[in-house]
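Take a look at the letters that make up each chain.
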Amino acid sequence: MKPRVFVSRHFPGEGIALLKKSCDVRIGVMKGTCPRKKLLQGAKWADAIVTLLTDKVDAEVYDQNPRLKIVANYAVGFDNIDLAEATKRGVLVTNTPGAQTESVAEHAIGLMMVLGKRIREADAFMRAGKYKGWDPDLLLGTEFDGKVCGVIGVGRIGSIFVKFAKALGMSIIYNDVVRSPDIEQKYDAKPVDINTLLKQCDVISIHVPLMPSTRHLINAGHLKLMKKTAFLINTSRGPVIDETALVSALKRRQIGGAGLDVYEFEPKLVPGLAKLDNVVLTPHIASATWEARDSMSRIAAQCVLAAFKGEVPEALVNKDVLQKNPWIKTGA
Ligand code: NAD
């Protein structure tokens, strides 16, 4: 019998076709979010499930099926997955690291540019037929060359963002729980505590994973430290910023603006956010490039296929789980 794979929702890229070559594949839904009931049924039937960040994978899911070998999450972030419960049951959890790095870093730069060059307002102005000729006072923005850029979390995505910001002529300071000598040397980046970063920067871009320690990493008190002209960019996860406090800071013009791709109560927005003129909002599409989706799709499929062969999947997140899986060839 072929191994069974349940894919909660269809996604682009060659990954699903790759799985179909050697596995029996069922797709939960072609569009939208997989209903909970379907996810549970899929988990009950399958040896492996491929999930999206919109699927909550918890004890109830694992308990559907003691044969479940692996949950391959089609995302870098895995805050939708209860890792401890997976490890307890010997279920491997994988993500798609590196697949979205350039895409997300470029998107963060894009949000910063849209704010600084007032592209959103300018586009609306043109479409409304308001352009009557060149005007030296029209829609003045800001330059980034020579400004200070602060990056919170200089892992895969954050470090590429640093590279781009440096190329724009910005000086770099960063905050991370781990020092990064490489970033410091290559880009003359200085590690600082979070308060110093918030006080000194003209642009702040957040690239940390969502964990209990990063929930509301940026709160009302932090926003008060920022310059009145500074831009806050978030392409990481919504709950990293207290969104209600952010709306209040933006309304009072306490900061210059915000560029957001992710939201605290996604897909809902905190009341008032969408009415503000000093924000740029995108619907969690920082990784939505053909290149990234293709790579995510391949990595997720390869992780599942590796687990079926008894190999350690390259993107294994819960490494402790190997102690519970004598069938895995660790190569050790
Ligand atoms: P990564 O693990 O390579 O980097 C994360 C960095 O954050 C690490 O250097 C880590 O030390 C640092 N960090 C952790 N806790 C911290 C804290 N409290 N303070 C400061 N730094 C801290 O991850 P990555 O591949 O760069 O991805 C980062 C996040 O981006 C993902 O976890 C995911 O949630 C998000 N993401 C979003 C999208 C999107 O479409 N918007 C796409 C991909 C990833």
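Residues numbered from 1 in each chain as written. Predicted model: local features only at pLDDT ≥ 70, side-chain atom pairs only at ≥ 80, totals over all residues. Heavy atoms only, no water.

A. Here's a closer look at helix α11 (residues 243-251). For α11, the full list of buried residues reads E243, A245, L246, V247, A249 and L250. Next to the buried residues of α11 lie α10 (220-225), β10 (231-234), β11 (257-260) and β12 (279-281). Backbone geometry just after α11 places R253 at a positive phi near 55°. (Buried < 20%, exposed > 50% of the residue type's maximum accessible area, 1.4 Å probe, protein only. Helix = DSSP H or I, 4+ residues; strand = E, 2+ residues; numbered from the N terminus. Contact = heavy atoms within 4.5 Å.)

B. Structural context of the nonpolar core. By size, the foremost hydrophobic cluster in this structure holds 31 residues, and its most contacted members are I152, I218, L232 and L246. Mapped onto this core, the elements with two or more residues apiece are α9 (194-200), β9 (203-206), α11 and β11. In terms of residue count, α11 provides more of this core than any other element does, 5 residues in total. Setting aside chain neighbours within four positions, we find I218 in contact with I152, I194, L198, I206, L223, L232, V240, I241 and D242. (Core = buried A, V, L, I, M, F, W, Y, C linked by side-chain atoms within 4.5 Å.)

C. Focus on the domain arrangement of the chain. If you check the domain split of the chain, you get domain 1 (4-99 + 290-324) and domain 2 (101-281). A straight line from the C-alpha centre of domain 1 to that of domain 2 covers 32 Å. Each side of the interface is counted separately: domain 1 has 9 residues, and domain 2 has 6 residues. Between domain 1 and domain 2 we count 1 salt bridge in total. Measuring nitrogen to oxygen at the nearest pair gives 3.0 Å for the salt bridge that ties R237 to D79. Where domain 1 packs against domain 2, one counts 2 residue pairs in polar contact (both at pLDDT 80 or more). By residue class, the composition of the side of domain 1 that touches domain 2 is 6 nonpolar, 2 polar and 1 charged. (Domains from an automatic or database assignment. Salt bridge = Lys/Arg side-chain N within 4 Å of Asp/Glu carboxyl O. Polar contact = N/O pair within 3.5 Å; in protein donor to acceptor, adjacent residues only side chain to side chain. Nonpolar A, V, L, I, M, F, W, Y, C, P; charged D, E, K, R; others polar.)

D. Up close: the pairing of strand β7 (residues 171-175). Among the 5 residues in β7, 4 count as buried, and that is most of the element. Taken together, the 5 bridges between strand β6 (residues 148-152) and β7 define a ladder with parallel strand orientation. Each residue of the ladder has a partner; that of V151, found in β7, is Y174. In this fold, β6 hands off to helix α7 (residues 156-167), which returns the chain to β7; that crossover is right-handed. The pairing of β7 with strand β8 (residues 190-191) spans 2 bridges and is parallel. The partner of I173 across the bridge, within β8, is K190. Each parallel crossover has a hand, and the one from β7 via helix α8 (residues 181-187) to β8 is right-handed. (Pairing = 2+ DSSP bridges. Right-handed = clockwise from strand over helix to strand, strands pointing away.)

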